Amino acid sequence: MSTVPSSTPWWHTAVIYQIYPRSFADGNDDGIGDIPGIRSRLPYLRDLGVDAIWVNPWYRSPMADGGYDVADHRDIDPIFGTLADAEHLINDAHALGLRVLIDVVPNHGSDAHPWFVAALVAAPGSPERDRFLFRDGRGSDGEQPPNDWISAFGGSAWTRTTTADGLPGQWFLHLFAPEQPDFNWDNPEVRADFEAILRFWFDRGVDGLRVDAAAALAKAPGLPDAGFGPGDGFAAITWVDSPLWDLDGVHEIYRSWRSLADGYPGEKIFVGEVPVNGSQRLARYLRPDELHTAFNLDYLKSPWDAKALHSAITETLDGLRAVGAPATWVLSNHDETRHVTRYGRPDTAVYPPGQQPLHQQVDLELGTRRARAAILLMLALPGSCYLYQGEELGLWEVEDLPEKVLQDPTWKRSGHTIRGRDGCRVPLPWSGTRPPFGFARGGAAAWLPQPGAWSDFTVEAQSGDPDSMLELYRTALRLRREHPGFAGRVLHWQPAPDGVLVIDRDHGLRCVANLSEQAYPCPGRLLLSSRPVRDGALPVDATAWIEIDTSGGAWPAS
Ligand code: GLC
Ligand code: CA
């Protein structure tokens, strides 16, 4: 039974499980995850104790960027199933008490989108081209890109077209891969089409939409140079007054989306992917008439260090207070190195693509210990939490995938210098002792090879083992739902020595995270800890949830 007061909107406290559909579960045994696979595993997610799922793009797509190159937002790609499958999934999830979020990708389409196909054969200056950002090149023959903007996946953000006569033509803008042409958000047809897409999915019962690259939609008039120099990477979180990112024009778009969502009963929500420069800029997206929430990428990128985590938590809560939005917390997603691996490195920070120090030894045992501590710390914070599929199994980044299987566009666009994000997208191990570990039920090889060592990390192997990561997640999620201390929006920092975080919530609930070099005494009634507490002392790299003495007596009331 949930103890959250019914006046608290569901999205203020929800735990949302991210599903990367290619890699979650394969229902038709072709080695690629799909919607029937997800449907078959919904009871697993209900029993895990999450409140909602977020499914990464499942739309029709040539899959140049794992489905973030959308050719048709109103249909499902055949590799994932059919629109009817998606509708069944939404209904099944609801029947199990799980809400459903999906992605919407408004900054760009696909080069297979019918609008882009039409734009390529249309003349410069035509209405077809005006839905995208086509421009003449610079230089005497237009041989230079229209400006200096760079792509998130490396290289110029511009690609030159070829005319019907085989001559070089105009250029088009793509902040991501060339297969992902950016839409022109000054064009009313683009706006109207996305509003129709939002309605299409809200009408089918979807409870929320994750807005991809939400800070990218508006561009400065005239598309001026940004001042990039050779070797500059796509480091949006450091940019100030950029002509391609976080422009004021985006807010008007989200205000109109919010009023559309508010027209539906049942609290349909948006969660933005908004990597911008600092919590003040982020808060602008979360004003009461804009997006409901945004991913806390600053928290995700924090190193395993008490000071850094303390300041990420404080800045998050302070930044959001002004606009009244609830916090969100996250440790991993489909774009980042799995945190078991990151926490097992000597340097635990997240770096922009290509800037990660190379060849750092990874101590998976250490990383796992810290990941156990990190999830208890995160789940004790006020707000909603995102879990990335497989983190509940303690999966690590597969860093030794053979080069020939790599599919992330980063690999090719970086001239085979940056491997990209495939290592966190390896299909999940469900059961059995050999690949594909129940991922494809008939035994087809998974689209990315799974490490043989995952035989000890399957859902089957971990279920019922009290020391496993999976059982830690199950217990923690159950307590988080049941204990009244986790509701509410405030936390109180308690004084603690360097390296130790002590956070009090209501109802005597206390969370102690020990990132110092020595054990830390934590008296009180132990509810759960990530490592065994002996003689009242919490070991290093561990978190405990305890109940301290309050006048109200211990929970549950005895
Ligand atoms: C977001 C997605 C990422 C994708 C990019 C382009 O950052 O999370 O996976 O490649 O947008 O759509
Ligand atoms: Ca399949």
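Residues numbered from 1 in each chain as written. Chains lettered and ligands numbered in written order. Predicted model: local features only at pLDDT ≥ 70, side-chain atom pairs only at ≥ 80, totals over all residues. Heavy atoms only, no water.

A closer look at the domain arrangement of the protein chain
Then step 1. We note that the domain assignment places domain 1 (10-110 + 187-462) and domain 2 (114-173) within the protein chain.
Then step 2. Summarising the inter-unit geometry, the C-alpha centres of domain 1 and domain 2 are found 30 Å apart.
Then step 3. For the domain 1 and domain 2 pair, buried surface summed over both sides reaches about 1,900 Å², with 59% attributable to carbon and sulfur atoms.
Then step 4. Broken down residue by residue, the surface that domain 1 buries against domain 2 is led by Leu223, Phe234 and Arg413, which jointly contribute 33%.
Then step 5. Seen at the junction of domain 1 and domain 2, the total is two salt bridges.
Then step 6. Our count for the contact surface shared by domain 1 and domain 2 stands at 11 residue pairs in polar contact (both at pLDDT 80 or more).
Then step 7. Secondary-structure elements contributing two or more residues to the side of domain 1 that touches domain 2 are helix H5 (188-203) and helix H12 (409-413). (Domains from an automatic or database assignment. Buried area = accessible area lost by both parts, 1.4 Å probe. Salt bridge = Lys/Arg side-chain N within 4 Å of Asp/Glu carboxyl O. Polar contact = N/O pair within 3.5 Å; in protein donor to acceptor, adjacent residues only side chain to side chain. Helix = DSSP H or I, 4+ residues; strand = E, 2+ residues; numbered from the N terminus.)

As for the sheet that holds strand E12 (residues 328-330)
Then step 1. Within the open sheet, the eight strands sit side by side as E11-E10-E9-E5-E2-E1-E13-E12. Their pairing is parallel. Looking along the sheet, the strands with just one partner apiece sit at the ends: strand E11 (293-294) and E12.
Then step 2. By the bridge criterion, three bridges tie E12 to strand E13 (residues 384-388) in an arrangement that is parallel. Looking across to E13, one finds that Val330 is bridged to Tyr386.
Then step 3. Sheet contacts for H5: strand E5 (99-104), strand E9 (208-211) and strand E10 (269-272); angle to E5, the most-contacted strand, approximately 160°. (Pairing = 2+ DSSP bridges. Contact = heavy atoms within 4.5 Å. Axes fitted to C-alpha atoms, helices over the stretch in contact; angles between N-to-C directions.)

Here we look at helix H14 (residues 469-482)
Then step 1. Here H14 is 14 residues long and its end C-alpha atoms lie 20 Å apart, about the 20 Å a rise of 1.5 Å per residue gives.
Then step 2. With 10 of 14 residues buried, H14 is to be regarded as a mostly interior element.
Then step 3. Taken residue by residue, H14 has Met469, Leu470, Glu471, Leu472, Tyr473, Arg474, Ala476, Leu477, Leu479 and Arg480 as its buried positions. (Expected span 1.5 Å × (residues − 1). Buried < 20%, exposed > 50% of the residue type's maximum accessible area, 1.4 Å probe, protein only.)

A look at the sheet that holds strand E7 (residues 158-162)
Then step 1. The strand order E6-E8-E7 describes an open sheet built from three strands, whose pairing is antiparallel. Two strands lie at the open edges of the sheet, namely strand E6 (134-135) and E7, each paired on one side alone.
Then step 2. Looking at chain direction, E6 and strand E8 (residues 168-173) are connected through two bridges and run antiparallel. Residue pairing for E8: Phe134 is matched across the bridge by Phe172.

Description of unusual backbone geometry
Then step 1. That bond from Pro435 to Pro436 is cis: its omega, 10°, falls within 30 degrees of zero.
Then step 2. Within the element layout of this structure, Pro436 appears in the loop between H12 and helix H13 (459-462).
Then step 3. Unlike most non-glycine residues, Asp29 shows phi in positive territory, near 60°.
Then step 4. In this structure, Asp29 sits in the loop between strand E1 (15-19) and helix H1 (35-40).
Then step 5. For Ala213, which is not glycine, the phi torsion reads 45° and is therefore positive.
Then step 6. With respect to the helices and strands, Ala213 occurs in the loop between E9 and helix H6 (249-262).
Then step 7. Looking at Ala213, the relative accessible area reads 2%, which means it is buried.

Digging into the coordination of the calcium ion (ligand 2)
Then step 1. All of the protein donors around the calcium ion (ligand 2) are Asp26 (OD), Asn28 (OD1), Asp30 (OD), Ile32 (O) and Asp34 (OD); their distances to the metal are 2.2 to 2.3 Å.
Then step 2. Summarised as a motif, the one-chain spacing of the donors to the calcium ion (ligand 2) is D-x1-N-x1-D-x1-I-x1-D.
Then step 3. Under the relative-accessibility criterion, Asp26 is labelled buried at 2%.
Then step 4. Assessed through its relative accessible area of 49%, Asn28 is described here as partly exposed. (Donors = N, O, S within 2.8 Å, 3.2 Å for Na, K, Ca; no water.)

As for the packing of aromatic side chains
Then step 1. Summed over the entire model, instances satisfying the criterion amount to 34 aromatic pairs.
Then step 2. Plain terms: the ring middles of Phe228 and Trp239 are 5.4 Å apart, the flat faces sit at 55° to each other, and that makes the pair tilted. Pair noted here: Phe228 is in the loop between E9 and H6 and Trp239 is in the loop between E9 and H6, with a separation of 11 residues, a long-range link.
Then step 3. By relative accessible area, which is 17% here, Phe228 ends up buried.
Then step 4. Trp239 sits in the buried class, given a relative accessible area of 16%.
Then step 5. On the numbers, 6.3 Å between centres and 45° between planes, the contact of Tyr254 with Tyr285 is tilted. Pair noted here: Tyr254 is in helix H6 and Tyr285 is in the loop between helix H7 (279-284) and E11, with a separation of 31 residues, a long-range link. An identical accessibility class is assigned to Tyr254 and Tyr285; each is buried. (Phe/Tyr/Trp six-rings, centres within 6.5 Å; stacked < 30°, edge-to-face > 60°.)

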